[in-house]
Every structure is written in C-alpha cells, then in structure tokens.
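# Geometric and topological summary
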Amino acid sequence: MKLDRVIAVRNNKTIYRDGDRCVKVFNEGYSKADVLNEALNQARMEDMGFNVPKLLEVTVIDGKWAIVSEFIQGVTLAQLISETPEKKEEYINYLIDLQIGLHSKTCSQMNKLKDNLRRKIATTEFDATTRYDLHNRLGNMPRHNKVCHGDLNPSNVIITEDGTPYIIDWSHAARGNASADAAQTYLLFWLNGDISGAQIYLDNFCAKSNISKQYVQLWMPIVAAAQSAKGNDKEREFLMSWVNDARHE
C-alpha cells in the first residue's frame, strides 16, 4: 500500500489515494470503536443501495487504524459552488434532495442520534446547569428513526463525470430526527462562513420537506452544543454563544 498521495488532512485523520483505493488513516490513539462504527455505517448504507464508496477493508497501518474504500473520481459540491457561484442555489438544492432521500429511509441497526448528541453534550465545557437544560431540551424533542448523515455539507458529496453523486464520511451517521440533521447542516454552512448559503439551505430544506423553520431552529442550541465538543477554540466560542443566547430567549 502506497501512502504518498495525500487527498486531505483533518484534525484526527489523513486521507490518501492509493490507485483506485481511498485510505483514511486515523491518528494514533483514535477510538477503535469509532473507526469500526464508521465502517459499519458505510457498509450499511452500501447495503441499503445508497451511492457510497464501497468499503474494502478495515486495517491497521503502522499502528494506526485505517478504513480502505473505493476511490471516487470526481468533484465535490463545494468545489462546484466555488467555481460556479451563480449556480449556488441549484447545488444547495441538489444537496437537500440527497439529504431528503436519506431521511426517507430507516435503519434500526444504527446508533440513535439522540444518544450521540447526549454523549457529546456531556463532554462540553458548559456548566452543569446549561448541560442539564440541554439534556432536557434534547429529551423533549420527538424521537424518529430516519437515516441521518450527521455531517452533510457540500464537501461530503462527490459528483462523478457521469453525474452520479456519492456521499462520503459516515462517522457521525445515526438514526433520528431529520430536523436535527438539517440543523447540523445549517450550522456547518455557518461554520464555513457561508451565511447566505446557510439561509438558502434552511429556506429550501423547509420548503421541500414541509418542515417549519421554527422546528429546525429548536434543534440549533442542541447541535451547536454537541459540535462545540470537537470544534477549535474560535468555533467553540461562537457555538457557546449560540447556546447561551438560546438559554436566555
């Protein structure tokens, strides 16, 4: 296996191309359970017929866990938006259609989104009173079993030369409420500095799914708090202000 062509570097992983394979190598000490869960999520989506890179193997490389998948040749929606900004709304609508397609399915074997959010909130820097409020908010939200990607943004959709879309990065996938998943995507547009994209996304997602903006926004302090558990210092300050503002409404 040749790991000399880096595709991307993230906080806790490096992604390489090795011929027709994509190799995601996690940093030393990364949770084995989280690696196996991501691979399992990807395999389940493949079994359900979604366009995802085929999972080839889970292995250890130089003492580090790695997921090996089919390499998908193409461009991301993020690249397309950057190169043709006049088509921004068209591409965001494309992202929404893919997301609603995910939400149309259920998968009882996946982890519960509420459990994922609960665990992340428990590790945040918020005081005990704020965490208690967040857990109560989360507990009072309706339970659903829809397939939720948990990190769907334009960078995680690859369009091949023949126009086939592939959704990548299934580490945060779970079964849960579609509006929570939408709130996460809305938040990711904000964190990427694309405020106009965030508004286009929210307006069009709610129109296409017949879900009120107010309902999606109820999830915002919850997903913002969960996101703060892994964000950098600058992101964390912004996310914490979002949660604190919601507490004082």
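A brief report on the enclosed structure follows. On a predicted model such as this, the values are computed, not experimentally measured, just so you know.

## Notes on the sheet that holds strand 9 (residues 165–167)
Spatially, the 3 strands line up as an open sheet ordered 6-8-9, and their pairing is antiparallel. The sheet is open, and its two edges are formed by strand 6 (75–76) and strand 9, each paired on a single side. Of the pairings in the sheet, the one linking strand 8 (residues 157–159) to strand 9 comprises 3 bridges and is antiparallel in character. Residue pairing in the sheet places Ile-159 in a bridge with Pro-165 of strand 9. Where helix 3 (residues 88–103) meets the sheet, its contacts fall on strand 8 and strand 9, and the angle it forms with strand 9 comes to roughly 60 degrees.

## Some details on the packing of aromatic side chains
In this structure the tally under the stated criterion is 7 aromatic pairs. Geometrically, the ring pair formed by Phe-238 and Trp-242 is edge-to-face, given 5.3 Å between the ring centres and 70 degrees between the ring planes. Of this pair, Phe-238 and Trp-242 both sit in helix 10 (residues 233–247), 4 residues apart, which is roughly one turn of that helix. Overall, the relative accessible area of 27% leaves Phe-238 in the partly exposed class. Taken together, the ring pairs in this structure connect Tyr-186, Trp-190, Phe-238 and Trp-242 into an aromatic cluster.

## Quick look at helix 5 (residues 128–140)
In this model, helix 5 (13 residues) spans 18 Å end to end at C-alpha, consistent with the 18 Å of a helix rising 1.5 Å per residue. Between the side-chain oxygen of the N-cap and the backbone nitrogen of Thr-129 there are 3.0 Å, and the N-cap of helix 5 in question is Asp-127.

## A few points about unusual backbone geometry
With phi around 65 degrees, Asp-169 is a residue other than glycine that occupies positive phi space. Residue position: Asp-169 is located in the loop between strand 9 and strand 10 (174–176). Of note in the backbone geometry, Asn-210 takes a positive phi value of approximately 60 degrees without being a glycine. Relative to the helices and strands, Asn-210 is located in the loop between helix 7 (195–209) and helix 8 (213–218). The exposed category is assigned to Asn-210, whose relative accessible area is 73%.

## Focus on the side chain of Arg-175
Along the polypeptide, Arg-175 turns up in strand 10. In this structure Arg-175 is buried but unpaired, with Asp-115 as the nearest side chain of opposite charge at 6.8 Å. A polar atom in the side chain of Arg-175 sits 2.7 Å from the backbone oxygen of Met-110. A polar contact is formed between the side chain of Arg-175 and the side chain of Asn-145, at a distance of 2.8 Å. Excluding residues that lie within four positions of it along the chain, Arg-175 makes contacts with Cys-107, Ser-108, Met-110, Asn-111, Lys-112, Leu-113, His-144, Asn-145 and Lys-146.

## A short note on the side chain of Thr-160
Examined against the element boundaries, Thr-160 turns out to sit in the loop between strand 8 and strand 9. Its relative accessible area of 16% is what places Thr-160 among the buried residues. Here Thr-160 is in contact with Ile-72, Gln-73, Gly-74 and Tyr-166, once residues within four sequence places are set aside.

## Some details on the pairing of strand 2 (residues 13–18)
With 5 of 6 residues buried, strand 2 lies mostly within the body of the structure. Across 3 bridges, strand 1 (residues 6–9) lies against strand 2 in antiparallel orientation. By the bridge assignment, Val-9 is partnered in strand 2 with Thr-14. In textbook terms, the turn of a hairpin is the stretch between consecutive antiparallel strands, and for strand 1 and strand 2 this stretch comprises 3 residues. Here strand 2 runs beside strand 3 (residues 21–26); their pairing, made up of 6 bridges, is antiparallel. Paired with Tyr-16 across the two strands is Val-23, which belongs to strand 3. Taking the residues between adjacent antiparallel strands as the criterion, strand 2 and strand 3 are bridged by 2 residues, where Gly-19 takes a positive phi near 65 degrees.

About the cut-offs
Residues numbered from 1 in each chain as written. Predicted model: local features only at pLDDT ≥ 70, side-chain atom pairs only at ≥ 80, totals over all residues. Heavy atoms only, no water. Pairing = 2+ DSSP bridges. Helix = DSSP H or I, 4+ residues; strand = E, 2+ residues; numbered from the N terminus. Contact = heavy atoms within 4.5 Å. Axes fitted to C-alpha atoms, helices over the stretch in contact; angles between N-to-C directions. Phe/Tyr/Trp six-rings, centres within 6.5 Å; stacked < 30°, edge-to-face > 60°. Buried < 20%, exposed > 50% of the residue type's maximum accessible area, 1.4 Å probe, protein only. Expected span 1.5 Å × (residues − 1). Polar contact = N/O pair within 3.5 Å; in protein donor to acceptor, adjacent residues only side chain to side chain. Lys, Arg positive; Asp, Glu negative; His and termini not counted. Salt bridge = Lys/Arg side-chain N within 4 Å of Asp/Glu carboxyl O.

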